[in-house]
Amino acid sequence: MQEAIVITEQPVSVAVPVGYSFTLRCRAEGHNPLQYQWFCQHQLVCQQIPGATKPDLPITAQQTQLYTCRINDLYRNVVFSDWVKVEVHPCVARGLPPRLWQGEPVIILNPTEQWVEVGKLLQLQCAAMGVPAPSYQWYRNGNLLEHQKKKKLWITHAKVSDSGTYLCCASNRHGEHWTNAVDVHIGTCQSEKFFATGKVALLVGNNRYQHHPNLMAPVKDVFELSCLLEKLGFQVVSLLDLNKAEMVTAVSRFLQLLEKGVYAIFYYAGHGYEHLGRNYMVPVDAPQPYTPENCISVQRILQKMQQQQTALNLVLLDTCRKWYNPECALSQVQPLAPWGNTVYGYATSEDAEAYELQDGEFSSGIFMKYLKKHILQDKKVTHMLEDVLEDIGRDPLVTGKQVMEIKHTLKEARSLTDPICPLGAAAEHWGRSREPVSEMVTFPCGARVELRFLWLFSNVMSIGAKLWQPPAHITDACLLLCQPSVDDVAILRERCLDQVECLLTSLYKQEELDCVFPLCGLQNIQADVVLQLDLHYTLQSTSQRTCETLQTTLRKSLLGQFLSQRSHSQPHDQRTPVCSGSMCLQDAAALSTDPKGPAPLRTGPGHSLPSSKPSNTSSEPEENDESDLSDLCSALLRAGPGQDCP
């Protein structure tokens, strides 16, 4: 039945200064002549406005009030409009609003920098004028805060991970305006002895080599370490199977985000070697035999990390340390700067191998088995590593084979659990902070499919598909997620390790997905990837077997943005410290598979030639690699695809 009165135009809320004149409007349609009456409410008292009997209500703002309009006809049919708020700001800076103001948002109150203890209330406030009244949306470190849509941002029990740079967007149909960005420091940083201005980590695991034996453990080890570091507030990028150019590019992006006071972690798992205190990481495309020119020098990276005045540099090398090519000459060395902020954690001692532990469908390095047990401890990082060393020393599987080694110049009792207190606006985000995303698609027959996208690593994505309850007119539905036809993706699919697929199986074991498809080596994607879904089913009415197809596109810019060179052209003095906020893909405990008995051990490539000279037994990092450091700096800045990130 058609209603007797229908409101066709509702009044809208406004936010205006004292003395500002405007008009509230309400329009309705009915079968009979209509009468209007406006009401206002102030301090819980609702009253009729004398003489306000027209669709338009002229107002000169004096105080904040609520308004509604009653519309009725002669037959006692009556409706009320929405309640709207006229928010009046008594104190507005001179010159606001501008003389030719058309109602677009105008910020009149910016949030201010906050220092808040953990567990206490965090409150930020802003205000804007606008006609209609603006809506608000808060952001932290550039990421939208889903439930913070009011002028006041409230976090009842602040956590360290709530630290960062906040700002708010006020918008209405005329446009949008942003508040100033302010820093929020969570933790008793003013009374804490040590804190980080940001936490950044780069994890690289090389498994599948072109000219050398493949490894197994880096897949699981990199995944679990990334999850644990994210719990500590680190922004993490984790990468699998990089060639030399890709490793140089990733390191370049990593170095750019390091600033004064940042805690930086670099972890590498894969083939490697050491000679005379210099460590080299072997990219997946290194030839056989390889030389220093084919590999990545750890000491070069560390020297650049120190130049950024970081508060803590932690280098974790889960590699063998044997030297197999004594005829290969090494370049001159230079000493590391004595800044007292560097820690090396070696999985094994010099001229020794690092072992993998095989347990069921997963492999894990002995070093990572015990590192993940202690890394969340609230103690000086060197003391935490000593606990790891002692546990490895007690493991009967590697007694006499593998002993961890620690070298450091750390002069302060800094811990990976120290709070984060940014000193400036947050840097562009490092790593991926968004939760796994999903998308619903619908076939012509009405069947609905949920696509789920999960970043296992920064260059490995899994795509899952789940068929929801199909319509009643179809039976025997079968969903297939077809391999993309792009040549690059077909090649990359073949590169996905069995360990990656085992990891997928473990992550999705609680979910009933119809199909899961991994995309590996996303840094090699040269074009958008088109995914095809095929739905096979039987029509009940005809018993005919039918197939329908849907396609969706994954943008190249999304898949490969972790190696973007966007900030290479950014002046150094405009870069600012990073803040925490990256998300944990999966609780690492879900993948813990400690052996319940003896398990077979594997080692690296088995290089057996000893070092030509004994190592220095000092606890300090020995020396910096290569005298040609300026060439490295130039090479790092030139490396990579050189494309802007959208």
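This one's a predicted model, so the numbers in the text were calculated from it and none came from an experiment.

Draft legend 1. Broad picture of the side chain of K380. Here K380 shows up in the loop between α4 (366-374) and α5 (381-394). Buried within the structure, K380 lacks any salt-bridge partner; its nearest side chain of opposite charge belongs to E386, at an N-O separation of 7.8 Å. Not counting chain neighbours up to four residues away, the residues in contact with K380 comprise L410, E412, A413, R414 and S415.

Draft legend 2. Region of interest: helix α1 (residues 218-231). With 14 residues, α1 should reach 20 Å at 1.5 Å per residue; the first-to-last C-alpha distance of 20 Å fits that figure. Taken across its 14 residues, α1 has 13 buried, putting it largely inside the fold.

Draft legend 3. Main features of the nonpolar core. Membership of the largest hydrophobic core comes to 52 residues, with the highest contact counts inside it found for L229, L371 and L416. Looking at this core element by element, the count peaks at 7 residues for α1. For L229, the contacting residues outside a window of four places in its chain are A201, L203, F234, V236, I265 and I375. Core analysis: the second largest hydrophobic core is formed by 37 residues, Y268, Y273, L317 and W323 among them.

Draft legend 4. The sheet that holds strand β22 (residues 235-240), seen in detail. The 6 strands lie next to each other as β22-β21-β23-β27-β28-β31, forming an open sheet whose pairing is mixed. At either margin of the open sheet sits one strand with a lone partner, and together these are β22 and β31 (405-408). The average angle at which neighbouring strand axes cross in this sheet is 10°, direction not considered. Judged from the 5 bridges that link them, strand β27 (residues 312-318) and strand β28 (residues 342-346) form a sheet pairing that is parallel. Among the inter-strand pairings, N313 is bridged to a residue of β28, identified as T342. Those strands touched by helix α3 (residues 298-307) are β23 (262-269), β27 and β28, and its axis lies near 165° from that of β27. Packed on one face of the sheet, α4 meets β23, β27 and β28 and runs near 140° to β27.

Draft legend 5. Local environment of the side chain of Q306. By secondary structure assignment, the location of Q306 is in helix α3. Among the polar contacts listed, one links the side chain of Q306 to the side chain of T342, at a separation of 3.0 Å.

Draft legend 6. Representation of the pattern of salt bridges within the structure. One pass over the structure, following the stated rule, counts 17 salt bridges. For D56, the salt bridge identified is with R25, shortest N-O distance 3.8 Å. Pair noted here: D56 is in strand β7 (residues 56-60) and R25 is in strand β3 (residues 21-25), with a separation of 31 residues, a long-range link. One salt bridge in this structure joins R321 and E405, with 2.8 Å as the shortest N-O distance. Taken together, the residues R321 in the loop between β27 and β28 and E405 in strand β31 connect sequence positions 84 residues apart. Accessibility classification places R321 together with E405 in one group, the buried group. Here the residues in one salt-bridge network are E9, R25, R27 and D56, joined through shared partners.

Draft legend 7. Focus on the packing of aromatic side chains. The full count for this structure, using the stated rule, is 9 aromatic pairs. For the pair Y139 and W178, a centre-to-centre distance of 5.2 Å together with 45° between the ring planes defines the contact as tilted. Pair noted here: Y139 is in strand β15 (residues 135-140) and W178 is in strand β19 (residues 175-178), with a separation of 39 residues, a long-range link. Using a relative accessible area of 36% as the deciding quantity, one classes W178 as partly exposed. For the pair Y273 and Y280, a centre-to-centre distance of 5.0 Å together with 15° between the ring planes defines the contact as stacked. One exposure class covers both Y273 and Y280, and it is buried. Members of the aromatic cluster, joined through ring pairs, are Y20, F22 and W101. Directly above the ring of Y346 sits R321, whose terminal nitrogen or CZ lies 3.8 Å from the centroid.

Draft legend 8. Molecular detail of the packing of α1 against α4. It is the contact of α1 with α4, at a shortest axis distance of 10 Å, that shows an interaxial angle of 15°. When the interaxial angle is binned, α1 and α4 end up roughly parallel. The two elements α1 and α4 meet at a crossing, and its hand is left-handed. Of α4, the residues touching α1 (which contributes K220, D221, E224, L225 and L228) are M368, L371 and K372. Along the lines of polarity and charge, the residues of the contact of α1 with α4 split into 4 nonpolar, no polar and 4 charged.

Draft legend 9. Geometry of unusual backbone geometry. Cis geometry is adopted by the peptide bond preceding P97, which originates at L96 and carries an omega value of -5°. Relative to the helices and strands, P97 is located in the loop between β10 (84-89) and β11 (106-109). A cis amide bond links V131 with the next residue in sequence, P132, at an omega value of 0°. Position of P132 relative to the elements: it lies in the loop between β14 (127-129) and β15. Of note, the phi angle at R76 is positive, near 65°, even though the residue is not glycine.

Draft legend 10. Molecular detail of the environment of I406. Residue position: I406 is located in strand β31. Taking the relative accessible area as the measure of exposure, I406 reaches 17% and is therefore buried. Each C-alpha atom of the pair I406 and Y346 lies 6.2 Å from the other, and the pair is 60 residues apart in sequence.

Draft legend 11. Looking closely at the packing of helix α2 (residues 244-256) against α3. α3 packs onto α2 with a crossing angle of 20° between their chain directions and a minimal axis gap of 10 Å. When the axis of α2 is compared with that of α3, the two are roughly parallel. At the point where α2 passes α3, the crossing takes the right-handed sense. Contacts from V251, F254 and L255 of α2 reach α3 at I301, K304 and M305. Classifying every residue of the contact of α2 with α3 gives 5 nonpolar, no polar and 1 charged.

Draft legend 12. Region of interest: the sheet that holds strand β25 (residues 278-281). Within the open sheet, the 3 strands sit side by side as β24-β25-β26. Their pairing is antiparallel. The open sheet terminates on both sides in strands that have one partner only, identified here as β24 (272-275) and β26 (296-297). Here 2 bridges tie β25 to β26, and the two strands are oriented antiparallel to one another. By the bridge assignment for β26, Y280 is matched with S297.

Draft legend 13. Inspection of the pairing of β15 at higher detail. With 5 of 6 residues buried, β15 lies mostly within the body of the structure. As judged from the 6 bridges shared by β15 and strand β18 (residues 164-172), these two strands associate in the antiparallel manner. Bridging from a neighbouring strand, S135 pairs with S171 of β18. Of the pairings in the sheet, the one linking β15 to strand β16 (residues 143-144) comprises 2 bridges and is antiparallel in character. Bridge pairing in β16 links Y139 to L144.

Thresholds, definitions, all that
- Residues numbered from 1 in each chain as written.
- Predicted model: local features only at pLDDT ≥ 70, side-chain atom pairs only at ≥ 80, totals over all residues.
- Heavy atoms only, no water.
- Helix = DSSP H or I, 4+ residues; strand = E, 2+ residues; numbered from the N terminus.
- Buried < 20%, exposed > 50% of the residue type's maximum accessible area, 1.4 Å probe, protein only.
- Lys, Arg positive; Asp, Glu negative; His and termini not counted.
- Salt bridge = Lys/Arg side-chain N within 4 Å of Asp/Glu carboxyl O.
- Contact = heavy atoms within 4.5 Å.
- Expected span 1.5 Å × (residues − 1).
- Core = buried A, V, L, I, M, F, W, Y, C linked by side-chain atoms within 4.5 Å.
- Pairing = 2+ DSSP bridges.
- Axes fitted to C-alpha atoms, helices over the stretch in contact; angles between N-to-C directions.
- Polar contact = N/O pair within 3.5 Å; in protein donor to acceptor, adjacent residues only side chain to side chain.
- Phe/Tyr/Trp six-rings, centres within 6.5 Å; stacked < 30°, edge-to-face > 60°.
- Lys NZ or Arg CZ within 6 Å of the ring centre and 35° of its normal.
- Parallel < 35°, antiparallel > 145°, perpendicular 65-115°, else oblique.
- Left-handed = near helix turned anticlockwise from the far one by under 90°.
- Nonpolar A, V, L, I, M, F, W, Y, C, P; charged D, E, K, R; others polar.

None of the figures reported here should be taken as evidence of function without further support.
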